[in-house]
Amino acid sequence: MKKHQILLEKNVPCQLSDGTILYADIYRPNDDHQYPVLLTRLPYNKNHPFYSHRYLDTNRLVENGYVVIIQDVRGRFASEGEFFPFKYEGKDGYDAVEWAAKLPYSNGKVGMYGLSYYGFTQLLAAAENPPHLKAIFPAQTFNDLREGSFYQNGAYGLGMNITWALESIAPDEIQQKFTDPEVYQQKMHQLAKIIDNIEEVYHYFPLREWPELKEIGVADYFYEMMEYGLNDKIWDDLSLGLEKLKKITVPAYHLGGWYDNLLGPTIANYVHANEFVNQPQKLMIGPWAHGDFSSQIGQRKFGQYATQEWIDGKEDLTSLHLRWFDYWLKEKETNIMDEKSVKIFVMGKNTWREEDTWPLPHTEYVPYYFHSDGNANTRFGSGRLSIEMPGKEQADHFVFDPSTPVPSTGGGTLFDQLNSVGPQDQRIVEEREDVLVFTSEVLTEAMEVTGPIKVILYAKTDACSTDFTAKLVDVYPDGTAFNLTDGIVRSTFRSGLKKEDESIQDHIISYEIDLWATSNVFLPGHQIRVEISSSNFPRFDVNFNNRTTMIDGKNYMKANQTVYHTIKNPSHILLPVIPSNQN
C-alpha cells in the first residue's frame, strides 16, 4: 500500500458562527487529492505531542489516506474566546465539523476521535447533528457531569477536580492572562508551589474558600461550579443527558477501561446509544486506567494482549480506528461490522471475549450476603461473605471520623497522588477499624464475575447525613487483596439527584451503592471480599455528617455507623456471575 507523504499546516483558522476564531494543526497527504477528515478538539494544547497524539499514531492515519485536524477548543492555547468547561463544545463542534468538511482537501466526510474531554467534544458535537459528521470514536469520556465525573451519587470528585484545575487548566490561563514575563514567572511559581503541596489542598476546607487559586487569578470555573446545586439547569446545559443523546444519528465506537474514572459514563453512553440511537454502536473495555492502555496497571500485569499495541494479539488501537473509519468514511469492507458489538478483557484469566450485548447474555445475578458476629471490623475480624441468607445476626458498628478518612488506594481514579490508580493491595486499608471486611470461603472452582455490580446496604447512622462506600476485592492465595471496583452513596442523594429532606438519623435505611462494573475471574484458591466504610479520600470529598461536606463545611462530627445483615435487612453485594458453560 502506498504511504502518503505528510504535509503539516500550523495554526489554520476556523471561524465559528459567532465570529470567534479557533486554530488547528492540520496533518494531510502531500498531494492534490481529497480525503476524509478525522477531527479532534481538545483543551490541552494541539502542539503538545502527549495530548495531541496520545494513544493514536496520527502519522499512520494520514499515511492511510486521512486529513487529521487537531484543534484547540474555545479559549484554550491558540484559540480565541473564553473557556468554560463543556459550555460551548456542542455548537463549536458543529461549526468545526462543517468547516472541516468544506476544506479544499476534504471529501466532505468527517469523523471524530479522542479521549476524555476530547471524547466528550465528539458526543456534544454529534448531538448537534452536523450534516457531514459520519462516525465517532469516543474514548473514556463523560455524559452527565453529576454521574461519575464532577460528582458521583452526590459525592464531589475532589481529587480529580482539584488536579484538573491545577495541572490541566491553570497553566495556560496564567500564560494568556499575565503577559508580563515577570508576573507570569511569579504566577507560575505560585502554581508550582501549590501543585508540589497538593495534599494540603485536598485537606483544605471549606474548599469554596480556598484562597490560593483565587490569589493567582485563574480557573474561575472551579469555584463557580462548586456553587451549582445538583438540580440546577446549568448541569443539563453542560452535560449529555438522554435527551441530547437521543439526537445523535451517527455510529459510535465506545472505548473504556475497568480502572478508568469514567468507566460508568462510558458504559452508559454505549447502553443508552444502543437503545436510542438508530446507528450501530460498539463497546470495548480493557483492563486500563484513564489514558493508560499499557499491560501493567497499578500493581497488576495483564499480559501483552492487554496493551494498546497488540490487543488480543491482533491489532493496535490505531489499526482499530482505521478499520472503524475506513468502513464509515471510505465504505471499505474491513470486517469490523462482522465482529460482535461488545469486546471486553476478562481479568484473572487475562483474555478477551466478544459478546452481542451488555450486560452479557446468560448473566446470573447472585446475591452474596454479609455475615458476622458483630465484629467485621478489619480483615482480621469475623466478617464473612456467602450465598446463604443471614439469620439472626448481630449488627456491625464502626465510627466514621471525618478527620481521619479512609485513604483512596487505587481504583478508577484520576488525581495527583502516588499509588492512586488501578489495582493496589488493600491490606493496609483493611486493618482500619472503620472498614468492615466480609470475605468468602476459599474458592475451589473458578468463578467469572462480569457486568454491573451493586451493593444493597441496610445501615443506620446517628448523623443527620453521611456517606457509605463499598469495594469489591480479589484476594489471592498469599493474602494480597487487589481492588476491582468501588462506589459511594451520599445519604442526601440516595435516590438520585433530587436532594432528600427526610431524616435518616437513627433509622435503618436501604442504600444502593453503584460499583459500576468489572470483569474478573476469581481463580481457585482465591476469595471474594467486600469492604464497607464511609469515605474514600481524596477521590471524594469527606462528608461532615451534619449536612455539610469539605466543600462548604467548617465543622464536622463523628458518626456512629451500624450495618445490618439479618433476614429483614439482608445487606449484600449483587454479583453478575457468568455460568461456567458460558466462559
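Residues numbered from 1 in each chain as written. Predicted model: local features only at pLDDT ≥ 70, side-chain atom pairs only at ≥ 80, totals over all residues. Heavy atoms only, no water.

- Within an unreviewed UniProt entry, the label attached to the protein reads CocE/NonD family hydrolase, and the organism entered is Metabacillus sediminilitoris.

## Some details on the sheet that holds strand E6 (residues 133-139)
Thought 1: Reading across the sheet, the 10 strands line up as E1-E2-E4-E3-E5-E6-E9-E10-E13-E14 and stay open at both edges, with mixed pairing between neighbours. Unpaired on one side and paired on the other, strand E1 (6-15) and strand E14 (351-355) mark the two borders of the sheet. Direction aside, neighbouring strands of the sheet carry axes that sit 20° apart on average.
Thought 2: The pairing of strand E9 (residues 252-259) with strand E10 (residues 281-289) spans seven bridges and is classified as parallel. If you follow Leu255 over to E10, its bridge partner there is Met284.
Thought 3: Along the sheet, helix H4 (residues 117-126) makes contact with strand E3 (35-42), strand E5 (106-115) and E6, crossing E5 at roughly 135°.
Thought 4: Sitting on the sheet, helix H13 (residues 317-330) touches E3, E5, E6, E9 and E10, and the angle it makes with E6 is about 160°. (Pairing = 2+ DSSP bridges. Helix = DSSP H or I, 4+ residues; strand = E, 2+ residues; numbered from the N terminus. Axes fitted to C-alpha atoms, helices over the stretch in contact; angles between N-to-C directions. Contact = heavy atoms within 4.5 Å.)

## A closer look at the domain arrangement of the protein
Thought 1: We note that the domain assignment places domain 1 (6-147 + 239-285), domain 2 (155-229) and domain 3 (364-578) within the protein.
Thought 2: For domain 2 and domain 3, the distance between their C-alpha centres works out to 32 Å.
Thought 3: Between domain 2 and domain 3, the contact holds 20 residues from the first and 18 residues from the second.
Thought 4: In total, domain 2 and domain 3 occlude about 1,600 Å² of area from one another, counting both sides; carbon and sulfur atoms represent 65% of this.
Thought 5: The largest per-residue losses of area from domain 2 upon contact with domain 3 belong to Ala155, Tyr202 and Phe205, which jointly make up 33% of the total buried on that side.
Thought 6: At the junction of domain 2 with domain 3, the criterion picks out one salt bridge.
Thought 7: Across the pair Lys554 and Glu209 runs a salt bridge, and its minimum N-O distance is 3.6 Å.
Thought 8: For the pair domain 2 and domain 3, the interface holds nine residue pairs in polar contact (both at pLDDT 80 or more).
Thought 9: Put simply, the parts of the chain that give the side of domain 2 that touches domain 3 at least two residues each are strand E8 (155-156), helix H5 (158-177) and helix H7 (198-202).
Thought 10: Here the side of domain 2 that touches domain 3 takes five residues from H5, the largest share from any one element. (Domains from an automatic or database assignment. Buried area = accessible area lost by both parts, 1.4 Å probe. Salt bridge = Lys/Arg side-chain N within 4 Å of Asp/Glu carboxyl O. Polar contact = N/O pair within 3.5 Å; in protein donor to acceptor, adjacent residues only side chain to side chain.)

## Overview of unusual backbone geometry
Thought 1: That bond from Phe205 to Pro206 is cis: its omega, -5°, falls within 30 degrees of zero.
Thought 2: Within the secondary structure, Pro206 sits in the loop between H7 and helix H8 (212-216).
Thought 3: Positive phi, close to 60°, is recorded for Asp312, a residue that is not glycine.
Thought 4: Summarising the element assignment, Asp312 is placed in the loop between strand E12 (300-301) and H13.
Thought 5: A positive phi is found at Trp516, a non-glycine position, where the angle reads about 65°.
Thought 6: Relative to the elements of secondary structure, Trp516 occurs in strand E22 (residues 509-522).

## What to know about the pairing of strand E21 (residues 481-490)
Thought 1: With 10 of 10 residues buried, E21 lies mostly within the body of the structure.
Thought 2: Taken together, the nine bridges between strand E20 (residues 467-475) and E21 define a ladder with antiparallel strand orientation. If you follow Lys471 over to E21, its bridge partner there is Asp486.
Thought 3: The antiparallel hairpin formed by E20 and E21 contains five residues in its connecting segment, where Gly479 sits at a positive phi of about 95°. (Buried < 20%, exposed > 50% of the residue type's maximum accessible area, 1.4 Å probe, protein only.)

## Considerations on the packing of aromatic side chains
How two aromatic rings sit relative to each other is set out by the distance from centre to centre and by the angle between their planes.
Thought 1: The final tally for this structure, using the stated rule, is 39 aromatic pairs.
Thought 2: Taking the centre distance of 4.7 Å and the plane angle of 20° together, the rings of Phe86 and Tyr117 count as stacked. Placement of the pair is Phe86 in the loop between strand E4 (67-72) and helix H3 (89-101) and Tyr117 in helix H4, with a sequence separation of 31 residues. Each of the two residues, Phe86 as well as Tyr117, counts as buried. (Phe/Tyr/Trp six-rings, centres within 6.5 Å; stacked < 30°, edge-to-face > 60°.)

## Some points on helix H9 (residues 220-227)
Thought 1: All of the buried residues in H9 are Tyr221, Phe222, Tyr223, Met225 and Met226.
Thought 2: On its buried face, H9 is in contact with strand E7 (151-152), E8, H5, H8 and helix H10 (233-238).

## Points about the packing of H3 against H4
Thought 1: Look at H3 against H4: their axes get within 8 Å of each other, and the N-to-C directions meet at 80°. Between H3 and H4, the angle is such that the two are roughly perpendicular. On H4, the residues that touch Glu89, Gly90, Gly93 and Tyr94 of H3 are Tyr117, Thr121, Leu124 and Ala125.
Thought 2: Here the contact of H3 with H4 is built from residues that sort into four nonpolar, three polar and one charged. (Parallel < 35°, antiparallel > 145°, perpendicular 65-115°, else oblique. Nonpolar A, V, L, I, M, F, W, Y, C, P; charged D, E, K, R; others polar.)

## Some points on the UniProt feature "domain: Xaa-Pro dipeptidyl-peptidase C-terminal" (unreviewed entry) in the protein
Thought 1: Here, the residues flagged by UniProt with the feature "domain: Xaa-Pro dipeptidyl-peptidase C-terminal" (unreviewed entry) are residues 322-574.
Thought 2: When the span residues 322-574 is considered, its composition is 4% helix and 37% strand, and the gap between its end C-alpha atoms is 39 Å. (UniProt positions renumbered as here; feature names shortened; annotations may be inferred.)

## Some thoughts on the pattern of salt bridges
Thought 1: Overall, the coordinates contain 35 salt bridges when judged by the stated rule.
Thought 2: Between Arg41 and Glu89 there is a salt bridge, and its shortest N-O distance comes to 3.0 Å. On the criterion of sequence distance, the pair formed by Arg41 in strand E3 and Glu89 in helix H3 is long-range, its members being 48 residues apart.
Thought 3: Ionic pairing is found between Glu448 and Arg353, a salt bridge with its closest N-O pair at 2.8 Å. Of the two residues, Glu448 sits in strand E19 (residues 447-461) while Arg353 sits in strand E14, which places them 95 residues apart along the sequence. When sorted by exposure, Glu448 lands in the same class as Arg353, which is buried.
Thought 4: Salt bridges sharing partners connect three or more residues here, namely Asp312, Lys314, Lys343 and Glu354.

## Brief notes about H13
Thought 1: Given a rise of 1.5 Å per residue, 14 residues ought to cover 20 Å, and the 19 Å separating the end C-alpha atoms of H13 matches this to within 8%.
Thought 2: Among the 14 residues in H13, 11 count as buried, and that is most of the element.
Thought 3: Listed as buried for H13 are Leu317, Thr318, Leu320, His321, Leu322, Arg323, Trp324, Phe325, Asp326, Trp328 and Leu329.
Thought 4: Where H13 is buried, its residues meet E3, helix H2 (58-63), E5, E6, E9 and E10.
Thought 5: With its phi angle positive at about 60°, Glu331 sits one or two positions after the end of H13. (Expected span 1.5 Å × (residues − 1).)

## Let's talk about the side chain of Thr461
Thought 1: Within the secondary structure layout, Thr461 lies in strand E19.
Thought 2: A polar side-chain atom of Thr461 sits 3.1 Å from the main-chain amide nitrogen of Ala463.
Thought 3: Among residues more than four places away in sequence, those in contact with Thr461 are Thr466, Ile504, Gln505, Asp506, Ala559, Asn560 and Gln561.

## Regarding the environment of Asp32
Thought 1: With respect to the secondary-structure elements, Asp32 resides in the loop between strand E2 (21-29) and E3.
Thought 2: Relative accessible area serves as the criterion here: at 80%, Asp32 is assigned to the exposed category.

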